[in-house]
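Breakdown of the fold
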Amino acid sequence: MSRAPHPTTVAPFPMTRLRRTRSSAALRNLVRENTLTVDDLIWPVFVVDGEDHEDAIPSMPGVTRKSVDRLVVAAREAADLGIPAICIFPNTDPSLKTEACEEAWNPDNLSNRAIRAIKAAVPDLAVMTDVALDPYNINGHDGIVVDGEIVNDETVEALVKMALAQAEAGADILGPSDMMDGRIGAIRHALEAADHRNVTIMSYTAKYASAFYGPFRDAVGASGALKGDKKTYQMDPANSEEAMRLVERDLAEGADMIMVKPGMPYLDICQRVKDTFGVPTFAYQVSGEYAMLMAAAENGWLDADKVMVESLMAFKRAGCNGILTYFAPRMARLLKGL
Ligand SMILES: NCc1[nH]cc(CCC(=O)O)c1CC(=O)O
């Protein structure tokens, strides 16, 4: 992954034939610049109330919402495959959604129950969370809405309570995905004050206002609630300089890891972040990217395994340390030859 300066010493043809090192699998293996391993994978999962229950998400073929008991089984399987981390997203009962989003910091909410159950059963698997109010918000927004405005500072106070409850439940990685200003610093201070010194923060730093989140919003049941769009807090897809400022800001506030989201349409941002800051950098291959590849595969237009491998390798080439991907178990199985 080290990037040499562009070579100026290439001998002219035919002394140099760049095809030579492509001429056999053995040579290709020798000169390969990047590798994809199971250590690169974080598996996003959906949890729902109930027992021994699982429902399909039509826009995400092969992905299901699972009750906590089933999620624990899936988490154990993921750990057995060598997947280092799982990321939990709750499908909250609509009756629990309010304007103030109090369910977000209920120590016994669905997400916190799932964290506890997984950490008890599979302690070595890192558990990541989503820190944002949308699963609990009657408005479907990531922040508290007052007179039509998504209010920043009140939201940050709520996010701090939510983050602390997740840390108490045993989360290893907190993932603030809300895009409010000042939330990383506020969460970091609160974690230190509560002696959660080793809880890490992977900030959704460059999170764009994207149309690729559609299937996810179906999966967590937020599509119906959301009025309007998220453009006053998520980034404009036209911007790259702004992403650099956000990364610098989040690092200064105490983020341990940086995320770019969505993934495939934003590989330039991944590469820029890694080249500029050299910090642990992750990409989220989001629901719409997964849906797009799987829909084509189900039509027989693309080979699912091949586009999975190629799309995930692209993140490594761009400099990412890892990828949140719904393909995680499938990719892990393929890597193991299963
Ligand atoms: N805080 C919400 C959140 N956390 C992760 C995703 C999207 C993930 C995906 O599409 O796979 C979203 C949706 C949104 O911002 O509307």
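What you see is a predicted model, and the numbers here were worked out from it, not measured in a lab.

**Observations regarding empty space enclosed by the protein**
The full count for this structure, using the stated rule, is 2 cavities of 30 Å³ or more. If you add up the space inside the largest cavity, you get close to 110 Å³. Every residue lining the largest cavity is counted, 14 residues in all, and those nearest its centre are D134, K207, F216, K230 and K261. Class assignment of the residues belonging to the lining of the largest cavity gives a composition of 5 nonpolar, 2 polar and 7 charged. The volume enclosed by the second largest cavity comes to roughly 30 Å³. Contributing to the lining of the second largest cavity are I88, P90, S111, D130, A132, P135, Y136, M162 and Q166. Those elements that provide at least two residues to the lining of the second largest cavity are β4 (85–91) and α4 (152–169). Grouping the constituent residues of the lining of the second largest cavity by class yields 6 nonpolar, 2 polar and 1 charged.

**Some points on the UniProt feature "active site" (unreviewed entry) in the protein**
In this numbering, the UniProt entry assigns the feature "active site" (unreviewed entry) to K207 and K261. A maximum C-alpha distance of 4.8 Å among these annotated residues, which run over 55 residues, shows that they cluster at one spot. As for the lining of the largest cavity, the annotated residues named previously contribute K207 and K261. As for its position among the elements, K207 is in strand β9 (residues 200–207). K207 has contacts with D142, S177, M179, Y213, Q234, M235 and K261, leaving out every residue within four places of it along the chain. Along the chain, K261 falls in strand β10 (residues 257–261). Once residues within four sequence positions are removed from consideration, K261 is found in contact with Y204, A206, K207, Y208, Y213, Y284 and V286.

**Comments concerning the state of the cysteines**
Within the structure shown, the criterion is met by 0 disulfides. The thiol sulfur of C101 is not disulfide-bonded, and the nearest other cysteine sulfur, from C87, lies at 19 Å. No disulfide involves C270; its nearest neighbouring cysteine sulfur is the one of C320, lying 3.8 Å away. Looking at C270, the relative accessible area reads 0%, which means it is buried.

**A look at a positive patch on the surface**
Together, R17, R19, R20 and R22 give the surface a local cluster of positive charge. Its location among the elements puts R22 in the segment before α1 (25–31).

**A short note on a nonpolar patch on the surface**
On the surface, a cluster of nonpolar side chains totalling about 280 Å² of accessible area is made up of L27, L30 and V31. Here V31 shows up in helix α1.

**Things to note about the nonpolar core**
By size, the foremost hydrophobic cluster in this structure holds 108 residues, and its most contacted members are F46, M128, M202, Y284 and L312. Sort the elements by how many residues they give to this core and α4 lands first, with 8 residues. In this structure, M202 is in contact with I42, M128, I173, L174, G175, P176, M257, M259, F282 and L324, ignoring residues within four places of it in sequence.

**Digging into the pairing of strand β12 (residues 322–325)**
Because side chains alternate across β12, one face comprises the buried residues G322 and L324, and the other comprises I323 and T325, equally buried. Bridging between strand β1 (residues 41–48) and β12 involves 2 bridges; their strand directions are parallel. Along β12, the bridge assignment pairs L41 with I323. By the bridge criterion, 4 bridges tie strand β11 (residues 281–285) to β12 in an arrangement that is parallel. Within β12, the residue paired with Y284 across the bridge is L324.

**Comments concerning the packing of α4 against helix α5 (residues 183–193)**
When two helices pack together, their arrangement is given by the angle between the helix axes and the distance between those axes. Their axes nearest at 9 Å, the elements α4 and α5 cross at an angle of 45°. Judged by the angle between their axes, α4 and α5 are oblique. Helix-helix and strand crossings are classified by hand; for α4 and α5 the assignment is right-handed. Within the contact between the two elements, α4 uses V156, L159, V160, A163, L164 and A167 and α5 uses R183, A186, I187, A190 and L191. Broken down by class, the residue content of the contact of α4 with α5 amounts to 10 nonpolar, no polar and 1 charged.

**What about the site of the ligand?**
Around the ligand sit 18 residues in total, of which K207, R217, K261, S287 and Y326 are the nearest. Between K261 and the ligand, the recorded distance is 3.4 Å, taken from a side-chain N or O atom to a nitrogen atom. A total of 400 Å² of accessible area belongs to the ligand in isolation, and the protein chains cover 100% of it. Spatially, the ligand is embedded in the largest cavity. Its residues assigned to classes, the shell around the ligand shows 8 nonpolar, 3 polar and 7 charged.

Rules behind the numbers
- Residues numbered from 1 in each chain as written.
- Predicted model: local features only at pLDDT ≥ 70, side-chain atom pairs only at ≥ 80, totals over all residues.
- Heavy atoms only, no water.
- 1 Å grid on protein atoms, 1.4 Å probe; cavity = no way out; pocket = protein on both sides within 12 Å on 5 of 7 lines; lining within 4 Å.
- Points joined across faces, edges and corners; volume = space filled by probe spheres on them.
- Nonpolar A, V, L, I, M, F, W, Y, C, P; charged D, E, K, R; others polar.
- Helix = DSSP H or I, 4+ residues; strand = E, 2+ residues; numbered from the N terminus.
- UniProt positions renumbered as here; feature names shortened; annotations may be inferred.
- Contact = heavy atoms within 4.5 Å.
- Disulfide = S-S within 2.5 Å.
- Buried < 20%, exposed > 50% of the residue type's maximum accessible area, 1.4 Å probe, protein only.
- Patch = residues over 30% accessible without salt bridge, like charges linked within 9 Å, V, L, I, M, F, W, Y side chains within 5 Å.
- Areas by Shrake-Rupley, 256 points an atom, 1.4 Å probe, with all protein chains shown as cover.
- Salt bridge = Lys/Arg side-chain N within 4 Å of Asp/Glu carboxyl O.
- Lys, Arg positive; Asp, Glu negative; His and termini not counted.
- Charge placed at Lys NZ, Arg CZ, Asp CG, Glu CD.
- Core = buried A, V, L, I, M, F, W, Y, C linked by side-chain atoms within 4.5 Å.
- Pairing = 2+ DSSP bridges.
- Axes fitted to C-alpha atoms, helices over the stretch in contact; angles between N-to-C directions.
- Parallel < 35°, antiparallel > 145°, perpendicular 65-115°, else oblique.
- Left-handed = near helix turned anticlockwise from the far one by under 90°.
- Near = heavy atom within 4 Å.
- Polar contact = N/O pair within 3.5 Å; in protein donor to acceptor, adjacent residues only side chain to side chain.
- Sits in = over half its atoms within 2 Å of the grid points.

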